[in-house]
Amino acid sequence: MGQKTVAETIKEITRKHLTENNGLILGECLTAVGWVNNTVPDCKGIVELPMTDVAGAGIAVGTALVGRRPIFVIRFQDFLILNGSPLIFFAAKTKELHGKSAPIFVRAIASDGLGPVHSGVLHSIFMHFPGFIVCSPMTPNEYREIWKTYMKNDDPMICSEHRFSYHNTEELCDITVENAHITLYAISCTRFEAVKAVEALRIEGIRCNLVNILWLKPFNITRRLIQPLKESKLGLVVDPGHEIAGAARSIAFELNLATGCSVRAIGLEDRTKCLCPPHKNMAPNAEVICKTVKKMLRKGE
Amino acid sequence: MLKCFSIIAGERSESRDNKMRVKDFGVISSLSEKYDKETSLQLFKRMCTIRYFEQGVIESVQAKYIDYLVYLSSGQEAIAAAMSIALQEFMIFAQHRCHGTYLAFGGNPEKLRDELLGLSTGTSRGRAGSNCIQCHENDVMMFGHHGLIGENVPLGVGAALGSNRPVVCFFGDGAAEEDYVFAAMGFAVTHKLPVIFVCEDNNLSILTKVAVRRSWSITEVAKSLGMPAVDIADDPWTILKTAEQFKNMLPAFINIYTCRANWHAGVGVDGPPEWDRLGMVRKELKKIGLSKQSEKIEKKIIAEMEKLWDKKQLQKLLRK
């Protein structure tokens, strides 16, 4: 038996939590077709919420207040707009205000190419508000790591998952090369595309470092993160969310402040994601990343 | 056409509201005589504690010791007083007008004062202020909301789901209109959760009356969801009796007509309230032969609260 996929890892962690930790998993249509991309185990502790976004999130936060460490599943991140208020206004604030925490693990599932309200990546919004830990694991071991962190702490955690990662069995390692022209920082599903971009650019003689970003908030500047940038002097952050006021720009700014190096950001264009191919406004893929890098190098940034 | 419909709906609602929104609606007569003296005096004591504590708040706001908007429970004291006796073992999910809930259920007045003054010795180390008071001591487990009215209702329902402990959710007639409130009430029915929903119906969302805002009754909505539900005025003995009955058939809903004495936020007044329940309770106690005891209680609480809010002491506390 080979390495587990991300989906299998989520299912395994969830089963253990529900059966051994008295945990709960709450969400809409959890046990419907596919059991959320085969990430939900068939065991005790499953709460099927009615189709009541907002109230559903409030109920989940309520279970957190009494120590059930709920996993709250948002099948499409766009629905966080409705579900966000109890998370943002209560769960994230209660520890700072009252010293009473509401540890809730939000499985916020992103996708791409599914139209205006099923393709969103909204982790940037949650980076904006105080009180959350925000992360975006794309590999089995990363998922195990963030789960351990959640269980060790008492803060609400926004886990920005992506459907594109569910079949992944591989760990994604940073790539560092000598005399790199640029350092790429990739988030969420763009990490898979960034790997392809690095290889395509290498063939064209452009040397790239690639740094994987798992933790979006707090975004701790570590040597691992900035050393490659200090050497290449040029950076590009790639995120599948909207570029304006988004994660990519925020992190690019942090990296720029920390190193003084020029760091650019790319994400979604400032237009709605549509269902039909010419208007999909997909997350930056390898081709877009390559084009952006070449443009930056031509400009001599 | 739409405008026309809206006026008709408003008229219907206004007529219903006028009929029901009176000081003795649903009040069980002579109930005060059926409860023992201790209970009646305890109800009065808790009401006085709220009223005179808030008198201190009002004066402190006027003197600028408290320099932000406060949400006062004055006028609505009977609800917290009665519920705190009926629902002693319940987890509490209070609304923004929560000083009364905190004090009646056993919160320490000194800690609440300190919270309102922004001191580290307050209930939330001075970070919460007036409208999201919590209490987690002396066997009291009280949560609140942070400003989204009715937010505490799904939270309370979730807490009941997660712990199977009984929960009381307080909210106002405005919060009753939030979609997530009745979605949460419906969830409580589906899962047969031990939650009592209490609507403190002061008829006002800031200053907009219920009849202007909606043509339907939250009590009828609760009934249609499948839970026992009733409208009553804020006579404390009637509230106590109703809560004692309903807590054995949860989830359940009680809409209580009451009168806010002060502004929605702040210490001003818009004129006399429709009725003053504290004065009515005082009279009722006299009627049942408890005037001496009640006078003694009232005097004692006035003295305690004057001491608590003594201006020299406040100056000293704020200088620290």
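Fair warning: this is a prediction, and the values are worked out from it, not measured in the lab.

(A) Just the overall build of chain B, in detail. Of regular secondary structure, chain B possesses 14 helices and 9 strands. For 320 residues, the compact-globule formula gives about 20 Å, and the C-alpha radius of gyration of chain B, at 19 Å, lands near that figure. Summarising its shape, the C-alpha atoms of chain B cover approximately 60 × 45 × 45 Å along the three principal directions. Within chain B, contacts between residues at least 6 apart in sequence are counted, and of these 74% link residues at least 24 apart.

(B) Quick peek at the domain arrangement of chain A. Residue and element names in this part refer to chain A. Splitting chain A by domain gives domain 1 (6-165) and domain 2 (182-299). One C-alpha centre belongs to domain 1, the other to domain 2, and the line joining them spans 26 Å. Counting from both sides, the interface comprises 23 residues of domain 1 and, opposite them, 22 residues of domain 2. Sorting the residues of the side of domain 1 that touches domain 2 by element identifies α5 (123-128), β5 (133-135) and β6 (157-162) as the ones contributing at least two each. For the side of domain 1 that touches domain 2, a count of residues per class yields 12 nonpolar, 9 polar and 2 charged.

(C) Representation of the pairing of strand β1 (residues 25-28) of chain A. Residue and element names in this part refer to chain A. Of the strand pairs in this sheet, β1 and strand β2 (residues 46-49) are connected by 4 bridges, and their pairing is parallel. What sits directly across from Leu26, in β2, is Val47. The sheet contact formed by β1 and strand β3 (residues 71-74) spans 3 bridges and is parallel. Residue pairing for β3: Ile25 is matched across the bridge by Ile71.

(D) Representation of the interface of chain B and chain A. Each partner contributes residues to the interface: chain B has 28 residues there, and chain A has 24 residues. Going through the elements one at a time, α7 (152-163) and α8 (179-190) of chain B are the ones with two or more residues in the side of chain B that touches chain A. If one sorts the elements of the side of chain B that touches chain A by residue count, α7 of chain B sits on top with 9 residues. When grouped by side-chain class, the residues that make up the side of chain B that touches chain A number 13 nonpolar, 11 polar and 4 charged.

(E) The arrangement of helix α13 (residues 291-308) of chain B in detail. Residue and element names in this part refer to chain B. In this model α13 runs 25 Å from its N-terminal to its C-terminal C-alpha over 18 residues, within 8% of the 26 Å that 1.5 Å per residue would give. Considered for burial, the residues of α13 that qualify are Ser294, Ile301 and Met305. Seen end-on, α13 carries its buried residues on one side only, within an arc spanning 30°. Turned more than 90 degrees away from the buried face of α13, the exposed residues are Lys292, Lys296, Lys299, Lys300, Ala303 and Lys307. Summarising the contacts, the buried residues of α13 are in contact with α3 (37-62) and α12 (277-287).

(F) Looking closely at the sheet that holds strand β7 (residues 182-187) of chain A. Residue and element names in this part refer to chain A. Taking strand neighbours across the sheet as the criterion, the 4 strands line up as β8-β7-β10-β11 in an open arrangement whose pairing is parallel. Each of the sheet's edge strands pairs with one partner strand only, and the pair in question is β8 (208-213) and β11 (262-268). With strand direction ignored, the average angle separating the axes of adjacent strands in the sheet is 20°. Note that β7 and strand β10 (residues 234-242) share 4 bridges and pair parallel. What sits directly across from Leu184, in β10, is Leu236. Relative to β7, helix α7 (residues 190-203) is tilted by about 155°, and along the sheet it contacts β7, β8 and β10. Against the sheet, helix α9 (residues 247-259) engages β7, β8, β10 and β11, with an angle of about 170° to β11.

(G) Examining the sheet that holds strand β1 (residues 91-93) of chain B more closely. All names here are of chain B. An order of β2-β3-β1-β4-β5-β9-β8 is seen for the 7 strands of this open sheet, with the pairing classed as mixed. Each of the sheet's edge strands pairs with one partner strand only, and the pair in question is β2 (135-137) and β8 (229-233). Taking each pair of neighbouring strands and ignoring which way they run, the sheet shows an average axis angle of 20°.

(H) Fine view of the confidence of the model for chain B. Residue and element names in this part refer to chain B. Taken residue by residue, chain B gives an average pLDDT of 93. The fraction at 70 or more is 94%. Low pLDDT (under 50) marks residues 1-12, which in the prediction has 5 contacts with non-local residues, meaning those over four places away or in another chain. Interface confidence for the predicted complex, given as ipTM, is 0.95, next to a pTM of 0.95.

(I) View of unusual backbone geometry. Residue Pro218 of chain A is bonded to the preceding Lys217 of chain A through a cis peptide linkage, with omega at -5°. Within the secondary structure, Pro218 of chain A is located in the loop between β9 (215-217) and α8 (223-232). Looking along the chain, the bond that leaves Leu250 of chain B and enters Pro251 of chain B is cis, with omega of 5°. Looking at the secondary structure, you find Pro251 of chain B in the loop between α11 (236-246) and β9 (252-257).

(J) Local environment of the nonpolar core. Ranked by internal contacts, the top residues of the largest apolar core, which has 183 residues, are Val61, Leu184 and Val238 of chain A together with Ala184 and Val198 of chain B. Looking at this core, the element that brings in the most residues is α3 of chain B, giving 10 residues. Residue assignment places this core across two domains, with domain 1 (6-165) and domain 2 (182-299) of chain A each supplying three or more. If near-sequence neighbours (up to four positions away) are discounted, Ala184 of chain B is found in contact with Ala55, Gly58 and Ile59 of chain A together with Val153, Pro154 and Val157 of chain B.

(K) The arrangement of the pairing of β10 of chain A in detail. Counting buried positions along β10 of chain A yields 9 of 9 residues, so the element is predominantly enclosed. Each parallel crossover has a hand, and for β10 of chain A linked through α9 of chain A to β11 of chain A it is right-handed.

(L) Summary view of the packing of helix α4 (residues 77-86) of chain B against α11 of chain B. Residues and elements named next belong to chain B. Between α4 and α11, the least distance of the axes is 8 Å, while the angle of their chain directions is 35°. Crossing of α4 over α11 shows right-handed handedness. Packed against α4, whose contacting residues are Ala78, Ile79, Ala81, Ala82, Met83, Ile85 and Ala86, the element α11 presents Pro236, Ile239, Leu240, Ala243 and Glu244 at the interface. Along the lines of polarity and charge, the residues of the contact of α4 with α11 split into 11 nonpolar, no polar and 1 charged.

About the cut-offs
- Residues numbered from 1 in each chain as written.
- Chains lettered and ligands numbered in written order.
- Predicted model: local features only at pLDDT ≥ 70, side-chain atom pairs only at ≥ 80, totals over all residues.
- Helix = DSSP H or I, 4+ residues; strand = E, 2+ residues; numbered from the N terminus.
- Rg over C-alpha atoms; globule rule 2.2 N^0.38 Å.
- Contact = placed C-beta atoms within 7 Å.
- Domains from an automatic or database assignment.
- Nonpolar A, V, L, I, M, F, W, Y, C, P; charged D, E, K, R; others polar.
- Pairing = 2+ DSSP bridges.
- Expected span 1.5 Å × (residues − 1).
- Buried ≥ 20, exposed ≤ 12 C-beta atoms within 10 Å, placed from the backbone.
- Arc of directions from axis to C-beta.
- Axes fitted to C-alpha atoms, helices over the stretch in contact; angles between N-to-C directions.
- pLDDT = per-residue confidence, 0-100.
- Core = buried A, V, L, I, M, F, W, Y, C linked by C-beta atoms within 7 Å.
- Right-handed = clockwise from strand over helix to strand, strands pointing away.
- Left-handed = near helix turned anticlockwise from the far one by under 90°.

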